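A structural walkthrough
Each chain, written out:
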Amino acid sequence: MTTVLRAHAEDQYAEELAILAKDDDRVRPPGWKLSPWAVTTYILGDGDRVTPKYIGPRRIVEVAVATLATDRALLLLGVPGTAKTWLSEHLAAAISGDSTLLVQGTAGTAEEAIRYGWNYARLLAEGPSREALTPSPVMRAMAEGRIARVEELTRMPSDVQDALITVLSEKTLPIPELNEEVQASRGFNVIATANDRDRGVNDLSSALRRRFNTVVLPVPATAEEEVDIVSRRVDQLGRSLELPETMTGLEEIRRVVTVFRELRTGVTEDGRTKVKSPSGTLSTAEAISVITNGIALAAHFGDGVLRPSDVAAGIAGAVVQDPVSDRVVWREYLETVVRERQDWRDFYRACRDAG
């Protein structure tokens, strides 16, 4: 038993990675733990010993893996909740055996997060030296020949983004204070993620964008595919969090997914009724959160069976981000769509009570 709330991918799936490494007789790019074929199998599963980590078009994963085998960096682009971070972590775990070399992009991210910083106590006492230098995750990845991950690239200031240009084009990181440089070892590359709803926040310069191969991660194509994703992740989270066993019927998961998809697309499943969309994204990740929270309610405060009353409050919280406009959208959807579905009466009452 581990006390870690969420193990890194390379630790959580160490057995699967070892199985793949043992049977992998294909060509491995320099510095890679697995061949591109084995990395793809790890991500998508093999239907037997390797569980799927990402459910989506195989070609998308193959393009992403092939990109990382070249000298171009990979940019995973998509709306919130399309598993960009999840996929980047597992790609780094399978290729490098280490997914922890991570830079989290925010408006306050400094250039030191990309390049390097200093231990100022040693800097003042000894002057500039290698010992006083504090390497960034990107610098460590270059020196060790591993994958560096940059999350939410477009949320970082433009001048910080551009610190990556020399790293990606020249595969070197100058240290002018020491008149030295760090050259990338074989196996080094960068996986960045960006939310395509953040366009205009700190959009990438054309010089930086040219150094990435962009792969767009789509939302699940069908309701059944999204139900499958939610079911798998909820089961994994339940085991990880050691939640009490709960009767989790697919009916409630399917209802949550249906509500999210209809509000997200602005039309009901049968295509007959147009509905207004709220301001939130209503992503697959949020659906997973709603169901997981419902399971906790059912297990600790209910009879151990997931019911509409356990998910109603979570759905309302996910939909109503703006307390004025979104509340109108949600009430209208309840009255014009949910209320008219005969087999959704219990769900309608639970949502009304929660709202």
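Residues numbered from 1 in each chain as written. Predicted model: local features only at pLDDT ≥ 70, side-chain atom pairs only at ≥ 80, totals over all residues. Heavy atoms only, no water.

1. Digging into the sheet that holds strand 2 (residues 102-104)
As a reminder of what qualifies: A pair of strands is treated as paired once DSSP finds two or more bridges between them. Counting from the N terminus, the helices are DSSP H or I runs at least four residues long and the strands are E runs at least two residues long. In this description, a line fitted to the C-alpha atoms serves as the axis of each element, helices being fitted only across the stretch in contact, and the angle between N-to-C directions of two axes falls anywhere from 0 to 180 degrees. Two residues form a contact once any of their heavy atoms are found within 4.5 Å.
Sheet architecture is open: five strands sit in the order 2-5-8-1-9, paired in parallel fashion. Edge positions in the open sheet fall to strand 2 and strand 9 (212-216), since each of these has one partner strand only. Sheet twist, expressed as the average angle between the axes of neighbouring strands with direction ignored, equals 20 degrees. Bridge count between strand 2 and strand 5 (residues 147-151): three bridges; the pairing is parallel. Looking across to strand 5, one finds that Gln104 is bridged to Glu151. Of the strands in this sheet, strand 1 (73-78), strand 8 (189-195) and strand 9 touch helix 4 (residues 58-68), which is tilted by about 165 degrees from strand 9.

2. Some details on the nonpolar core
Soluble, globular proteins show a tendency: their nonpolar side chains are buried together. Threshold: Residues enter a nonpolar core if they are buried and are Ala, Val, Leu, Ile, Met, Phe, Trp, Tyr or Cys, with the set joined through side-chain atoms within 4.5 Å. Accessible area is worked out with a 1.4 Å probe on protein chains only. A residue is then buried under 20% of its type maximum, exposed over 50%, and partly exposed in between.
Membership of the largest hydrophobic core comes to 36 residues, with the highest contact counts inside it found for Ile114, Val138, Leu153, Phe188, Val190 and Phe212. Contributing elements (two or more residues each) for this core: strand 1, strand 3 (116-118), helix 7 (137-144), strand 5, helix 9 (164-170), strand 6 (172-175) and strand 8. If we skip the residues at most four places from it in the chain, Val190 touches Leu68, Ala73, Leu74, Ala148, Val150, Leu168 and Phe212. In this structure, Ile288, Leu306, Ala316 and Val329 belong to the second largest nonpolar core, which totals 35 residues.

3. Notes on the pairing of strand 1
Taken across its six residues, strand 1 has six buried, putting it largely inside the fold. Side chains Ala73, Leu75 and Leu77 of strand 1 all project onto a buried face; the interleaved residues Leu74, Leu76 and Gly78 project onto the opposite face, where all are buried too. Sheet topology note: the strand 1/strand 9 ladder contains five bridges and is parallel. What sits directly across from Leu74, in strand 9, is Asn213. Looking at chain direction, strand 1 and strand 8 are connected through five bridges and run parallel. Residue pairing for strand 8: Leu76 is matched across the bridge by Thr193.

4. Some thoughts on the packing of helix 12 (residues 250-265) against helix 15 (residues 325-336)
Condition: Two helices cross in a left-handed way if the nearer one is turned anticlockwise from the farther one by less than a right angle. They cross in a right-handed way if the turn is clockwise. In this classification, the charged set is Asp, Glu, Lys and Arg, the nonpolar set is Ala, Val, Leu, Ile, Met, Phe, Trp, Tyr, Cys and Pro, and all remaining amino acids, among them Gly, are polar.
It is the contact of helix 12 with helix 15, at a shortest axis distance of 12 Å, that shows an interaxial angle of 120 degrees. When you trace helix 12 past helix 15, the crossing you get is right-handed. Taken together, the residues of helix 15 that come into contact with helix 12 (itself represented by Thr258, Val259, Glu262 and Leu263) are Val329, Trp330 and Tyr333. Classifying every residue of the contact of helix 12 with helix 15 gives five nonpolar, one polar and one charged.

5. A word on helix 14 (residues 308-319)
Cut-off, in case you're wondering: One less than the number of residues in a helix, times 1.5 Å, gives the span that helix is expected to have.
Its 12 residues place the ends of helix 14 16 Å apart at the C-alpha level, agreeing with the 16 Å of an ideal helix rising 1.5 Å per residue. Most of helix 14 is tucked away: nine of the 12 residues are buried. Every buried residue of helix 14 is listed here: Pro308, Asp310, Val311, Ala312, Gly314, Ile315, Ala316, Ala318 and Val319. Close packing links the buried residues of helix 14 with helix 12, helix 13 (284-301), helix 15 and helix 16 (345-354).

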